[in-house]
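This is what each chain is made of:
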Amino acid sequence: MKAAKRWSLGNLRDMASSLPGPRHRAPSRRRGRVYIIMALSLIAFFAVIAYMYPHHSKRACYMISSRGCKALADWLPPSLREYSDDEIAARVVISEILSNPPVIRKDSKIAFMFLTPGALPFERLWDRFFQGHEGKFSVYIHASKERPVHYSRYFLNREIRSDEVVWGRISMVDAERRLLANALRDPTNQQFVLLSDSCVPLRSFEYIYNYLMYSNVSYVDCFDDPGQHGSGRHMNHMLPEIQKKDFRKGAQWFTMKRQHAVATMADSLYYSKFRDYCGPGIENNKNCIADEHYLPTFFHMLDPTGISNWTVTQVDWSERKWHPKTYMPEDVTHELLNNLTSTDTVVHVTSVGVGEEIWMPCMWNGIKRPCYLFGRKFHPDTLDKLLDLFSNYTKSVSWQL
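Here the structure is a predicted model, which is why all the values come from computation and not from measurement.

### Describing unusual backbone geometry
Next up, step 1: The omega torsion across Leu239 and Pro240 is 0 degrees, close enough to zero to call that bond cis.
Next up, step 2: With an omega dihedral of 0 degrees, the bond running from Arg376 to Lys377 counts as a cis peptide bond.
Next up, step 3: Looking at the element boundaries, Lys377 is found in the loop between strand S13 (374-375) and helix H13 (383-394).
Next up, step 4: Despite not being glycine, Asn157 shows a phi value in the positive range, around 55 degrees.
Next up, step 5: Relative to the helices and strands, Asn157 resides in the loop between strand S2 (137-143) and helix H7 (170-184).

### Quick notes on the sheet that holds strand S4 (residues 200-201)
Next up, step 1: Strand order in the open sheet made by the 3 strands is S4-S13-S8, with mixed pairing throughout. Either end of the sheet is taken by a strand with one partner, and the two such strands are S4 and strand S8 (313-314).
Next up, step 2: Where S4 lies against S13, 2 bridges are found, and the strand directions are antiparallel. Looking at S13, one finds that Pro201 is bridged to Phe374.

### Some words on the state of the cysteines
Next up, step 1: Tallied over the entire structure, the rule returns 2 disulfides.
Next up, step 2: There is a disulfide in this structure between Cys278 and Cys288, and the S-S distance comes to 2.0 Å. On the sign convention where negative means left-handed, the S-S torsion of about -85 degrees between Cys278 and Cys288 marks this disulfide as left-handed. Here the residue Cys278 occupies a position in the loop between helix H10 (269-277) and helix H11 (290-302), and Cys288 occupies one in the loop between H10 and H11, the gap between them amounting to 10 residues.
Next up, step 3: Residue classification places Cys278 among the buried residues on the basis of a relative accessible area of 3%.
Next up, step 4: A relative accessible area of 0% means that Cys288 is categorised as buried.

### Observations regarding the packing of aromatic side chains
Next up, step 1: Counted according to the given criterion, the structure contains 28 aromatic pairs.
Next up, step 2: Judged by centre distance (6.0 Å) and plane angle (75 degrees), the ring pair of Tyr271 and Tyr294 falls under edge-to-face. In this pair, Tyr271 sits in helix H10 while Tyr294 sits in helix H11, placing the two residues 23 residues apart along the sequence.
Next up, step 3: By relative accessible area, which is 1% here, Tyr294 ends up buried.
Next up, step 4: By the ring-pair criterion, three or more aromatic residues cluster together here, those being Phe112, Phe114, Trp126, Phe129, Phe130, Phe137, Tyr154, Phe155, Phe205, Tyr209 and Phe374.
Next up, step 5: Its guanidinium or amino end placed over the ring of Tyr271, Arg177 lies 4.2 Å from that ring's centre, counting from NZ or CZ.
Next up, step 6: If you follow Arg203 out to its NZ or CZ, it ends over the ring of Tyr207, 4.5 Å from the centre.

### Let's talk about empty space enclosed by the protein
Next up, step 1: Evaluation of the coordinates by the stated rule reveals 3 cavities of 30 Å³ or more.
Next up, step 2: In this structure, the largest cavity encloses a volume near 40 Å³.
Next up, step 3: Counting only elements with at least two residues in the lining of the largest cavity, the list comes to strand S3 (189-196) and helix H9 (258-266).
Next up, step 4: Taken together, the residues of the lining of the largest cavity break down into 3 nonpolar, 3 polar and 2 charged.

### A few points about the pattern of salt bridges
Next up, step 1: Inspection of the entire model under this criterion finds 13 salt bridges.
Next up, step 2: The closest approach of N and O atoms between Glu292 and Arg233, which form a salt bridge, is 2.8 Å. Of the two residues, Glu292 is situated in helix H11 and Arg233 in the loop between strand S5 (218-221) and strand S6 (255-257); the sequence distance between them amounts to 59 residues.
Next up, step 3: Using a relative accessible area of 19% as the deciding quantity, one classes Glu292 as buried.
Next up, step 4: For Arg233, a relative accessible area of 3% puts it in the buried group.
Next up, step 5: Its salt-bridge partner being Asp344, residue Lys368 comes within 3.9 Å of it at the nearest N-O pair. Taken together, the residues span a long stretch of sequence, with Lys368 in strand S12 (residues 367-368) and Asp344 in the loop between helix H12 (334-342) and strand S9 (345-349) at a distance of 24 residues.

### Thoughts on H13
Next up, step 1: Three or more residues of H13 are buried, namely Leu383, Leu386, Leu387, Leu389, Phe390, Tyr393 and Thr394.
Next up, step 2: If you follow the buried residues of H13, they end up packed against helix H6 (123-130), S4 and H12.

### Focus: the pairing of S5
Two faces belong to every sheet, and in a regular strand the side chains alternate between them.
Next up, step 1: In S5, alternate side chains face the same way, and those of Ser218 and Val220 on one face and Tyr219 and Asp221 on the other are all buried.
Next up, step 2: The pairing of S5 with strand S7 (residues 307-309) spans 2 bridges and is parallel. Residue pairing for S7: Asp221 is matched across the bridge by Asn309.

Rules of the game
Residue numbering note: each chain is counted from 1, following its sequence as written. Residue-level local features of this predicted model are given only where pLDDT is at least 70; pairs of side-chain atoms are given and counted only at 80 or more, and the full residue set underlies all totals for whole chains, interfaces and linings. As a rule here, side-chain values cover all heavy atoms of the structure and leave hydrogens and water aside. Here a helix means four or more residues in a row that DSSP labels H or I, a strand means two or more in a row labelled E, and each is numbered from the N terminus. Two strands are counted as paired when DSSP detects at least two bridges linking them. Our working definition of a disulfide is a cysteine sulfur pair at a distance within 2.5 Å. Think of it in three bands: with a 1.4 Å probe and only protein chains considered, a residue is buried below 20% of the maximum accessible area for its type, exposed above 50%, and partly exposed in between. Aromatic contacts are taken between Phe, Tyr and Trp rings whose centres are within 6.5 Å, Trp giving its six-membered ring; a plane angle under 30 degrees counts as stacked, one over 60 as edge-to-face, and the others as tilted. Geometrically, a charge over a ring is one whose NZ (Lys) or CZ (Arg) sits within 6 Å of the ring centre while staying within 35 degrees of the ring normal. In the cavity and pocket records, a cavity denotes points on a 1 Å grid over the protein atoms alone where a 1.4 Å probe fits but cannot get out, a pocket denotes an open set with protein on both sides within 12 Å along at least 5 of 7 lines, and lining residues are residues with an atom within 4 Å of a point. Grid points are joined across faces, edges and corners, and a volume is the space filled by probe spheres set on the points. All amino acids are sorted into three groups, where Ala, Val, Leu, Ile, Met, Phe, Trp, Tyr, Cys and Pro are nonpolar, Asp, Glu, Lys and Arg are charged, and the leftover types, Gly among them, are polar. The salt bridge definition used is simple: a Lys or Arg side-chain nitrogen within 4 Å of an Asp or Glu carboxyl oxygen. What makes two residues a contact is simply this: any of their non-hydrogen atoms within 4.5 Å.

Structural data, given as structure tokens:
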């Protein structure tokens, strides 16, 4: 009997080991799920509080833990910053300006604005470019050092009051704004083109007129350069109005619609930040170049879809120096000009590493087209060769809407 009893108890133990676990463990699982739900709810609660009340986000965050604070901040979407009265006023005014539709009439003109220290070595080339198109353009000259001697009737008495311009300083932006202000006095000017003394036309007047007048954007160069010569130039003194994430870079040579020209002149808030805090060695020995950053940052913040993010003025930066390549007489051939006028992709070179490249197609109203209407820097000695080739290279491609 005892053996039988031991056998039956052993079998019972064996049978018990093969059966599912006892039912009394289920409540502990439910409690575990409840704890998880409560923990997630608590995290979500503090996340909502941190997002809705950004000024107290750190306090709410550190109620969880200091280590969890950074992880939570990285996970959350960026909080909405409260604008100051000046920012609200600036954005309302600029938004109102940009809401006005463009007005294209038979008498609409392009304002060609020349920013030069003095002489205009390609005046004869521009004279040929303008011939036969009177009434569709106007000329403005900002000569910062000496009054140029003119050879073309289109340039006579077209100087505006000018002031000293220093490369890399806000005076460069001041000169651009001075040109815009004078050109805006003529209500028939609907497009505004900034040019230097080394710029030349790469297309016929008709092509450029139609390209600009019927475009749905302004051609302002703008790209994100996370390197030391891009967002690395951002100054903390520009905060809170200009955030580092919004800081952009681009070439100064623009063409813009009248609405954007008016918005640029209406701006005092963002301009003042660059005037006061963007310059060589202002903060921690950073060399902020105002004309490379002001307009790209301004339009990226206030009308990012209204600009092309590339410029219609071709420049060769292949030498990777502080200044672009200068085209000499031996460089100017039909092949060179054909290459410049057929390029349909732009390349932005950042200051990250050895120079990371950002490629983008040139789109005109949703259609891929050649990028460039103007070129620089051409040496004055290239004038004769450009005059000889002008008729051929400007007619190589006709305009088709």
